[in-house]
Every structure is written in C-alpha cells, then in structure tokens.
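In case you want the letters, here they are:
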Amino acid sequence: PAAALTVSASAPDPRLRLAACATPLAAAVAPGSGLARLTVEVRCAGPSPWRVYVPVTVAATRPVVVAARSLARDTILAPGDVRLAERDLAGLPYGTFGGLEEVVGQRLRREVADGTVLNPGLVLAPPLVRRGQAVTLEARAPGFSVRMAGVARRDGRLGETIPVQNISSGEVREAVVRSAKSVEVLIR
C-alpha cells in the first residue's frame, strides 16, 4: 500500500531486425516470471508476425523510518534520531514503520547504524504503568462495569498483562494495561 512503482524495461537487442508491425503490439507477462524481475513477451500479430522477450524490472518503494545517525542500545528515540527514507519493499524486514510518531519515545533494543530501517523487533515501547503505581482497575461485562482502586505489581506496556492488587480486597488479579492510569480485568 502507498508504494511508488518504478518499471524499467531493458532495450531489445539492437541486432534484431524486426518488421514494422501493421497492428498494435500485444504484451503479456511470460509464464514463470517473478514479481520483481519479469519477462514480458511482446508480439506482433500482423502480416509478418514476430515475438520478442523483454526483461523488465519492477521496484516498489515507500517511505519508512530509519535511524538518522548511529545510535547506541537503550537510546530513547527523539525526533532528531529518526527520519523517513524511501526504500525498496523487496529488501525491507518484516513490519516497518511509516511515520516518525510511531517510534519517538521508544527504546532501542540494540545498537543501530545510520540508515538502518527500524522495525518492531528493534524498538521497545516504554512502560505506561510502573510497579507500585496507583491505577484504576476495571472489570467489564455485557450490561455492567465495575471500577476500583488498584496498585500495579510490576511495570507494564500498552496491551501487556500485569498483576494488579485490588486495594479493597487485597486480592491480586491479572489485568491488561489499557492506558497510563487504567488496567482491565478480563472476565471470562
């Protein structure tokens, strides 16, 4: 999605002596062609028919987030640490970022060189909830919702399940981090 395509065809062999075609040329991708490198069959169906196979290269590029300079492990990414750069999709790792806001504030898991494409395996979101922090413990089911005060028993990132102690009962339950101040107990 949102990729810019560049299609390049190689010039036919200049030694070929093909008759001018009296009808419009027809072109089709030859069977067995790949996606990035294709072979296109160009043929003339006129009174002097002929066909020629032309190698074609297709490149799809889009802007992705890359390191703006070499960065050390555990760096908390700031806007000046990253930039957008056009990259060929064929050479990209799984799961890239398309906007700087997706990575700013995240921590690098390892050292990266200038121009390295960032992906979810290279960054770690900071915890939204810290151990010992007061949170709102919510339990929801069809038709009702209950909220109570709780305390996080360990750090947690968005969507992560952490133990939370209910202040009223002292009971510890597993809850999913929904925001910096609330967690949700999943009722089965």
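The sections below set out a description of the structure shown in this document. (Residues numbered from 1 in each chain as written. Predicted model: local features only at pLDDT ≥ 70, side-chain atom pairs only at ≥ 80, totals over all residues. Heavy atoms only, no water.)

## Remarks on the sheet that holds strand E10 (residues 161-166)
Taken in spatial order, the 5 strands close into a barrel running E8-E9-E10-E11-E12, and their pairing is mixed. Each strand of the sheet is rotated relative to its neighbour by a mean of 55°, with strand direction disregarded. Of the strand pairs in this sheet, strand E8 (residues 134-141) and strand E9 (residues 144-152) are connected by 8 bridges, and their pairing is antiparallel. Within E9, the residue paired with Ala 141 across the bridge is Phe 144. (Pairing = 2+ DSSP bridges. Helix = DSSP H or I, 4+ residues; strand = E, 2+ residues; numbered from the N terminus. Axes fitted to C-alpha atoms, helices over the stretch in contact; angles between N-to-C directions.)

## Considering the environment of Val 117
Within the element layout of this structure, Val 117 appears in the loop between strand E6 (107-108) and strand E7 (123-124). Those residues in contact with Val 117 that lie beyond four places of it in its chain are Val 64, Val 65, Val 66, Arg 87, Leu 92, Pro 93, Thr 96 and Leu 122. (Contact = heavy atoms within 4.5 Å.)

## Some points on the nonpolar core
Residues Val 65, Ala 67, Leu 71, Leu 77, Val 82, Phe 97, Val 103, Leu 108, Val 112, Leu 118, Leu 122 and Val 123 constitute the largest nonpolar core, which totals 12 residues. Contact partners of Ala 67, with chain neighbours within four places excluded, come to Asp 81, Arg 83, Val 112, Ala 113, Asp 114, Gly 115, Thr 116 and Leu 118. (Core = buried A, V, L, I, M, F, W, Y, C linked by side-chain atoms within 4.5 Å. Buried < 20%, exposed > 50% of the residue type's maximum accessible area, 1.4 Å probe, protein only.)

## Describing unusual backbone geometry
Phi is positive for Asp 74, which is not a glycine, with a value near 70°. Considering the arrangement of structural elements, one finds Asp 74 in the loop between strand E4 (50-67) and strand E5 (82-88). Among the residues examined, Asp 74 registers a relative accessible area of 40% and is labelled partly exposed.

## Quick notes on the side chain of Thr 96
Counting through the fold element by element, Thr 96 comes out in the loop between E5 and E6. A polar contact is formed between the side chain of Thr 96 and the side chain of Arg 62, at a distance of 2.5 Å. Aside from chain neighbours lying at most four places away, what touches Thr 96 is Arg 62, Val 64, Val 117 and Leu 118. (Polar contact = N/O pair within 3.5 Å; in protein donor to acceptor, adjacent residues only side chain to side chain.)

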